[in-house]
Amino acid sequence: MLKSLGYKVRYEKGSFKTAACVLEHSRVVVVNRFSNIETKIGSLVGILRDMPAIDAELDEKQRQFLQSIKQTRLTI
């Protein structure tokens, strides 16, 4: 879904506390490769949930998935 929105996802070493961060101007999501899988997924879902209105750039299946993400609260 991030790729469809024009973002590149990179897995890098990092000293940042969360599992992922967004570099807005370059449309890059950096995922801390040392985080566990649950934290990585939770962070990516959080990034998608917090993005401004992006529905126009997605196909119908992706819009439905994003809607379910926004309605579901993950607890880790």
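Up top is the structure these notes are about.
Below, the structure is looked at part by part.

Quick notes on the rules
Residues numbered from 1 in each chain as written. Predicted model: local features only at pLDDT ≥ 70, side-chain atom pairs only at ≥ 80, totals over all residues. Heavy atoms only, no water. Helix = DSSP H or I, 4+ residues; strand = E, 2+ residues; numbered from the N terminus. Expected span 1.5 Å × (residues − 1). Buried < 20%, exposed > 50% of the residue type's maximum accessible area, 1.4 Å probe, protein only. Arc of directions from axis to C-beta. Contact = heavy atoms within 4.5 Å.

1. As for helix 2 (residues 60–71)
Here helix 2 is 12 residues long and its end C-alpha atoms lie 17 Å apart, about the 16 Å a rise of 1.5 Å per residue gives. Within helix 2, burial applies to Gln-62, Leu-66 and Ile-69. In a view along the axis of helix 2, the buried residues occupy a sector of 55°, so they form one face of it. Residues Lys-61, Gln-64 and Gln-71 are exposed on helix 2 and point more than 90 degrees away from its buried face. Close packing links the buried residues of helix 2 with helix 1 (37–50).

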